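Descriptive structure summary
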Amino acid sequence: MSLEILAVDDSRTMRDMIRLALLPSGFTVHTADDGVHGIEVLEGIQPDAIITDINMPRMDGFGFIDAVREQDKHRGTPILVLTTEAAPELKKRARDAGATGWIVKPFDPEKLVKALQMVAG
Amino acid sequence: MSEENDPMAEIRASFFIECEELLEALQDGLQTIDDGAADSETINVVFRAVHSIKGGAGAFGLEALVRFAHRFETVLDEVRAGRLTIDDEALKVFFQAADHVSDLVRICRDGADAPDAETAVLIGALDQFLGDTVPEEDAEEPEIEFAPMGLSLDLDLSDASDETEAACPDLDALPPPPDFGAPTGDTAYTITFIPQAEMFETGNEPALLLRNLSQMGDLKVTCDASTLPDLDKITPEVPHLSWTIHLQTDVEEAEIRSIFEFVEGLCVLEIARETGDGGSDGDTTDETPVSPIVDISSETVNTPPPARPPDPPQAPTAPKPAQAAAPNPAEPSQPARAATAPTAAKSVVRVDLDRIERLVNLVGELVINQAMLSQSLEQSGLSPHSDAMSGLEEFQRLTRDIQDSVMMIRAQPVKSLFQRMSRIVRESSAAVSKDVRLNVIGEGTEVDKTVIERLADPLTHMIRNAVDHGLETPEKRIAAGKPAQGQINLSAAHRSGRVVIEISDDGAGINRPRVLQIAIDKGLIPADAQLSDTEIDNLLFLPGFSTASVVSDLSGRGVGMDVVRTSIQALGGRITITSNPGEGSTFSISLPLTLAVLDGMVIKVAGETLVLPLNLVVETLTLSNQDVQMVRPGNQVIEVRSGFVPLFDLGASLGYREPLQNFDGAVVLLIAQEDESCTALLIDNILDQRQVVIKGLDDSFHRAPGIAAATILGDGQIALILDPSDMIANAGATALAPSPPLKTQGVSA
């Protein structure tokens with residue numbers, strides 16, 4: 001099943017990795033460099049799921065999730081947080097902001113695909 | 001595109017490029033803090049740089065880098081959280097740590113051995129700032145396990161009304177699971193799953209969780225819709241349904257739980273092992289009355305509104321029937337491409353340097369070809385006003401534009417180079433216990449990439465020299481009434497088509513009497529030589545000269561200023577010194593913007609065609625015999641206006657002919673030397689001024705002093721490109737006598 005994904009990460013390497021992980025599964029991958037850019041990109045698409053980093057310039061992941069959830073059409077869009085730490089308080093903060101789930105970096109491509117399929121069908 | 005590249009290797013390569021950028025940001029941030037100009041965002045930038053390096057390094061399994069970056073990041077996080085303030089000591093360690101990250105990145109890239117000892121020392125230094133909160137050896141948390149996917153989950157709720165179907169993901173429309181009819185396991189579980197309000201606020205979907213469970217084994221789901229209010233009272237975000245699930249499976253309970261990982265805490269979840277063998281058909285718990293039990297294989301109807309926002313974005317996964325059945329007010333599918341428009345603005349293409357080289361070479365050929373074409377058109381006797389000739393003019397202009405554009409591709413700001421120098425200053429000043437501040441100006445100045453790369457070594461050497469020899473010890477500085485902290489300025493600027501890089505210090509200046517004495521002692525100059533200040537300063541560049549009476553850690557590496565000068569000259573550059581006793585010295589390097597083309601003057605000497613860099617030619621003169629004065633045999637000067645300029649017979653020095661005796665009608669070019677003095681170059685004739693493409697003479701040619709490179713002229717003829725300063729300097733050196741004073745004063749006939 002092909003999903004349309006928006007990946008938001010300020011690291012080019014990470015964006016490349018995500019794209020590389022998802023393309024073989026036939027996913028359509030959009031990318032954005034930070035939260036502000038992510039919101040811009042989101043204006044023109046209706047992705048099945050969003051992946052976002054937390055530490056980013058201009059608007060961080062928490063701010064981005066907040067901003068996404070404020071939009072009616074994205075209230076239910078699954079959002080996975082990509083994080084290097086799996087600290088419970090970080091998960092809690094992400095969830096409080098409205099994140100659906102989280103993936104610990106470095107991620108396994110197969111698991112990322114499965115996680116996306118799990119939250120987005 | 002044509003190459004079958006390993007995408008991972010490509011990303012890895014691009015990761016290291018990104019690392020360079022991040023390291024630059026890291027250095028910048030620390031420098032800003034050092035300058036006292038930091039704001040709240042600065043530390044975030046620094047933190048993110050380290051964080052991103054760590055993230056990428058983790059993806060490629062670069063353990064040493066991850067470990068160190070993580071520790072560094074932890075300390076920076078303390079600063080970010082306001083629990084640690086950066087004092088001078090901390091900043092020093094941060095700089096060292098940043099340098100070490102930079103080292104580790106290079107080591108990882110080049111596959112060298114990790115300097116574990118150094119890492120350990122720095123981790124120790126970093127840990128001091130963490131106090132007693134030193135983190136445990138960071139256990140990488142296990143990655144989340146996800147169960148395989150697949151689904152066929154059909155629910156039949158007799159009391160569910162049909163009109164609600166639109167809001168529900170059409171599970172039936174989803175592709176069948178790859179291994180439906182999973183093995184019937186030998187353990188039976190009863191799972192109670194009651195979503196709470198937050199579950200929907202985070203975008204989780206119960207149906208998908210159930211679908212995942214169905215993958216694990218034999219599933220029977222009971223939906224409790226008893227709390228479902230009337231349709232007109234439903235709030236989409238509030239869950240009203242709960243489920244009791246009987247699962248016959250052979251997977252572990254932990255794996256079942258992993259399905260619910262994302263919703264843990266957002267729902268009531270009870271997983272109980274059923275007692276009795278295969279007793280999955282019976283009710284096992286004393287739950288609230290539930291709606292009819294649904295068998296997965298039974299016919300389908302949708303669940304009641306699962307309290308999802310009214311327009312779940314399921315559409316892309318659902319085949320046509322689903323969309324037809326769901327008159328979903330969700331947006332029509334968007335032209336997805338349009339959305340990426342904002343990205344396009346700052347898009348960057350990574351191009352292999354080889355390809356650019358090739359382009360540069362091709363443009364070079366184009367320039368030559370264009371020159372040949374114009375030459376033959378001119379010879380064909382066409383009118384300068386003919387279409388062909390004016391077309392050619394346009395062609396010439398375009399060629400030049402293309403050439404400039406191609407050169408721009410190779411241009412890079414000198415910033416990365418300068419950042420390396422700030423590290424050299426930090427390290428070398430620590431090694432000799434001097435307090436040194438490096439001020440950098442014009443780091444945005446762009447220079448050809450190759451020039452930048454090849455400048456690193458000479459610049460490093462000069463910076464070390466400035467720290468080691470240029471600046472005095474703090475005690476001497478204070479005694480001289482200067483601040484204890486020494487200043488080194490490093491600047492870059494474009495000046496009349498060249499790049500000028502200056503390294504200056506506010507030290508004691510060159511100790512000329514000592515320099516002179518050493519040169520005499522070493523037999524570099526005659527004991528009775530009378531030298532101007534500039535000439536004494538230039539003695540530093542003589543091979544085998546070293547001023548340090550005490551060889552410190554920094555110098556004594558077997559590299560002298562003569563090597564620096566040679567490398568600068570190899571780049572088509574010049575280096576000069578100015579020095580004022582007690583005030584410091586300035587080394588000035590002037591470089592061409594590019595190594596590929598040159599504005600040249602085409603000259604004729606004894607029947608040979610040669611090219612001189614046009615920017616060195618100050619003036620051209622036609623001589624008569626009276627203009628030339630002999631100082632001593634083999635040494636002549638010419639009188640130019642009020643002064644005298646040494647005469648240099650190019651044809652003789654290249655061995656093309658005997659020295660000229662009769663100067664009537666001969667042409668001289670006044671060549672500017674780096675120290676602003678002039679030398680008159682005696683030639684036969686000037687042919688042309690034109691742009692020539694520099695063709696390097698590779699190692700298979702003997703390196704002749706004064707010959708910089710070669711070029712191909714419009715008629716296909718090969719001409720050597722001269723480096724007159726090198727030639728003149730060498731001529732002086734072979735005579736073991738300083739060339740006559742280069743300033744025009746002081747010599748009389």
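Residues numbered from 1 in each chain as written. Chains lettered and ligands numbered in written order. Predicted model: local features only at pLDDT ≥ 70, side-chain atom pairs only at ≥ 80, totals over all residues. Heavy atoms only, no water.

**Side note on the overall build of chain A**
When its secondary structure is counted, chain A shows five helices and five strands. When the helices and strands of chain A are read in sequence order from the N terminus, they spell out β-α-β-α-β-α-β-α-β-α. In chain A, buried positions account for 68% of the 121 residues. Summarising the internal contacts of chain A: among those between residues at least 6 apart in sequence, 65% fall at separations of at least 24. For chain A, the accessible area works out to roughly 3600 Å², and carbon and sulfur atoms hold 50% of it. (Helix = DSSP H or I, 4+ residues; strand = E, 2+ residues; numbered from the N terminus. Buried < 20%, exposed > 50% of the residue type's maximum accessible area, 1.4 Å probe, protein only. Contact = heavy atoms within 4.5 Å. Areas by Shrake-Rupley, 256 points an atom, 1.4 Å probe, with all protein chains shown as cover.)

**Examining the sheet that holds strand β9 (residues 486-495) of chain B**
All names here are of chain B. Read from one edge of the open sheet, five strands run β7-β9-β10-β12-β11, paired in mixed fashion. Sheet topology places β7 (436-441) and β11 (574-580) at the edges, where each strand pairs with a single neighbour. Each strand axis lies, on average, 15 degrees off the axis of its neighbour in the sheet, ignoring direction. Bridge count for β11 against strand β12 (residues 584-592) is seven bridges, and the pairing is antiparallel. Paired with asparagine 580 across the strands is glycine 584, a residue of β12. With respect to the sheet, helix α14 (residues 415-431) is in contact with β7, β9 and β10 (498-505), its orientation differing from that of β7 by roughly 170 degrees. Most of the contacts of helix α19 (residues 561-570) go to β11, to which it runs at about 135 degrees, and overall it touches β11 and β12. (Pairing = 2+ DSSP bridges. Axes fitted to C-alpha atoms, helices over the stretch in contact; angles between N-to-C directions.)

**Brief notes about the pattern of salt bridges**
Summed over the entire model, instances satisfying the criterion amount to 33 salt bridges over all chains. Between A:Asp34 and A:Arg58 there is a salt bridge whose closest N-O contact spans 2.8 Å. With A:Asp34 in the loop between β2 (28-32) and α2 (35-42) and A:Arg58 in the loop between β3 (49-53) and α3 (61-70), this residue pair connects regions lying 24 residues apart in the sequence. Judged by relative accessible area, A:Asp34 falls into the buried class, the value being 4%. Salt-bridge contacts for B:Arg512 lead to B:Asp533; the nearest nitrogen and oxygen are separated by 3.5 Å. With B:Arg512 in helix α17 (residues 512-521) and B:Asp533 in helix α18 (residues 533-538), this pair connects stretches of sequence that are 21 residues apart. (Salt bridge = Lys/Arg side-chain N within 4 Å of Asp/Glu carboxyl O.)

**Description of the sheet that holds strand β4 (residues 79-83) of chain A**
Residues and elements named next belong to chain A. The sheet built from five strands is open, its strands ordered β2-β1-β3-β4-β5 with parallel pairing. In the strand order of this sheet, the two ends are held by β2 and β5 (101-104), each with one partner. Neighbour to neighbour, the strand axes of the sheet diverge by 20 degrees on average, direction disregarded. Across four bridges, strand β1 (residues 4-8) lies against β3 in parallel orientation. By the bridge assignment for β3, isoleucine 5 is matched with alanine 49. Those strands touched by α3 are β1, β3 and β4, and its axis lies near 155 degrees from that of β3.

**Details of the pairing of strand β16 (residues 628-632) of chain B**
Regular strands place their side chains on alternate faces of the sheet. Residues and elements named next belong to chain B. Here β16 runs beside strand β17 (residues 635-640); their pairing, made up of four bridges, is antiparallel. For glutamine 629, the partnering residue across the bridge sits in β17 and is valine 637. With antiparallel pairing between neighbouring strands as the criterion, β16 and β17 make up a hairpin whose turn holds two residues, including glycine 634 at a positive phi of roughly 85 degrees.

**A word on the packing of aromatic side chains**
All names here are of chain B. As enumerated under the stated definition, the model contains five aromatic pairs over all chains in all. An angle of 55 degrees between the planes, with centres 5.2 Å apart, marks the rings of phenylalanine 15 and phenylalanine 16 as tilted. Residue phenylalanine 16 is classed as buried on the basis of its relative accessible area of 6%. Centroid distance phenylalanine 15 to phenylalanine 60: 5.4 Å. Interplanar angle 35 degrees. Geometry classified as tilted. On the criterion of sequence distance, the pair formed by phenylalanine 15 in helix α1 (residues 7-34) and phenylalanine 60 in the loop between α2 (40-59) and α3 (63-80) is long-range, its members being 45 residues apart. The pair formed by phenylalanine 15 and phenylalanine 60 is uniform in burial state, with each residue classed as buried. Directly above the aromatic system of phenylalanine 47 lies the positively charged group of arginine 80, at a separation of 3.7 Å from the ring centroid. (Phe/Tyr/Trp six-rings, centres within 6.5 Å; stacked < 30°, edge-to-face > 60°. Lys NZ or Arg CZ within 6 Å of the ring centre and 35° of its normal.)

**Topic: a negative patch on the surface**
Residues B:Asp186, B:Asp250, B:Glu252 and B:Glu255 make up a contiguous surface patch of negative charge. With respect to the secondary-structure elements, B:Glu255 resides in helix α8 (residues 253-259). (Patch = residues over 30% accessible without salt bridge, like charges linked within 9 Å, V, L, I, M, F, W, Y side chains within 5 Å. Lys, Arg positive; Asp, Glu negative; His and termini not counted. Charge placed at Lys NZ, Arg CZ, Asp CG, Glu CD.)

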